[in-house]
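Coordinates in review
Here is how the chains run, residue by residue.
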Amino acid sequence: MSPFIERWLAIREKWHLKNHSFFAAWEDGKLTMEQMCLYVIQNYQITRHFFRQIPACMAKAPIEVRRVLAENLAEEFGLLGVGDRKGVDHDDLQFAFCDVAGLPRERMIHGEFYPHYQALAYYFWNLVYNEPWQVFLAAGGACESQNVEMHRRSVKGLIRHHGFKPGDPAIGFFEEHVEADTEHGRRALEILDEHVKSPELQAECLRATETAVQLFWYALNECERYIVKGQREPAPA
């Protein structure tokens, strides 16, 4: 493993959402189904942006990278399966969870998009259009690959405290991301290791990665305040 990749991983680990109190509460069964669904709404909203940003990144990347990113998108939309798993649209998996919880699909599709999640989405738009493609991939990959450990905690909480069984379609979204984002993270590491060589580009990638994972952490702070604590920032008088 190159020193650059070691530094990238260290930045991701420092701000990893698996260590956030929100996922500790989820694993410990302290969140209601409605609260978990409100989190899923934020994931749904931000991935609406991410799935459009990836093609913009592909347009700037070499052909071998475009192929990998196209495969990732095909897996997200259920056109391909990961490993031995059958392909399934990840949006449908999110809908299935919210259906069980009794959250109307319209609320998920048109639900409130919290300000810090919006800020993260717009930061990625800035990267994908104004920086080398490697910078966007480094920052985006550091966020996406956190899903593996985050949703291991989610799955444990859902099985232990909410009566779900392993393989239940209702929790397929969380189980799928443990599998899919393990593979997507591996692919991102290989691409970055091969295509980020100059000290200048490495520094740009690491700076953008740290900003992105900080924003990701702050967005979950906000999510926890809104959903769990019922706190909102005071509006101007």
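Note that the structure is predicted; figures quoted are calculated from it, not measured.

Thresholds, definitions, all that
Residues numbered from 1 in each chain as written. Predicted model: local features only at pLDDT ≥ 70, side-chain atom pairs only at ≥ 80, totals over all residues. Heavy atoms only, no water. Helix = DSSP H or I, 4+ residues; strand = E, 2+ residues; numbered from the N terminus. Rg over C-alpha atoms; globule rule 2.2 N^0.38 Å. Buried < 20%, exposed > 50% of the residue type's maximum accessible area, 1.4 Å probe, protein only. Contact = heavy atoms within 4.5 Å. Areas by Shrake-Rupley, 256 points an atom, 1.4 Å probe, with all protein chains shown as cover. Lys, Arg positive; Asp, Glu negative; His and termini not counted. Charge placed at Lys NZ, Arg CZ, Asp CG, Glu CD. Patch = residues over 30% accessible without salt bridge, like charges linked within 9 Å, V, L, I, M, F, W, Y side chains within 5 Å. Salt bridge = Lys/Arg side-chain N within 4 Å of Asp/Glu carboxyl O. Core = buried A, V, L, I, M, F, W, Y, C linked by side-chain atoms within 4.5 Å.

1. Re the overall build of the protein chain
The number of helices and strands found in the protein chain is 11 helices and 0 strands. Helices and strands appear in the protein chain in the N-to-C order α-α-α-α-α-α-α-α-α-α-α. Here the C-alpha radius of gyration of the protein chain, 18 Å, is about what a compact globule of 237 residues would show, namely 18 Å. Dimensions of the protein chain, computed from the C-alpha atoms along their principal axes, are close to 55 × 50 × 30 Å. Here the protein chain, with 237 residues, has 54% of them falling under the buried criterion. Relative to all contacts within the protein chain whose residues are 6 or more apart in sequence, the contacts with residues 24 or more apart total 79%. For the protein chain, the computed accessible surface area is about 10,900 Å², with 53% contributed by carbon and sulfur atoms. A distance of 3 Å separates the average location of the 26 positive side-chain charges in the protein chain from that of its 34 negative side-chain charges.

2. Thoughts on a nonpolar patch on the surface
A cluster of nonpolar side chains, namely Phe-77, Leu-79 and Leu-80, defines an oily patch on the protein surface of about 300 Å² accessible area. Topologically, Leu-80 is positioned in the loop between helix H4 (63-76) and helix H5 (90-101).

3. Focus on the nonpolar core
Counting residues in hydrophobic clusters, the biggest one holds 78 residues, and the most contacted among them are Trp-26, Tyr-39, Tyr-117, Leu-158 and Phe-174. When neighbours within four sequence positions are excluded, Tyr-117 is seen to be in contact with Tyr-39, Gln-42, Ile-46, Ala-219, Leu-220, Glu-222 and Cys-223.

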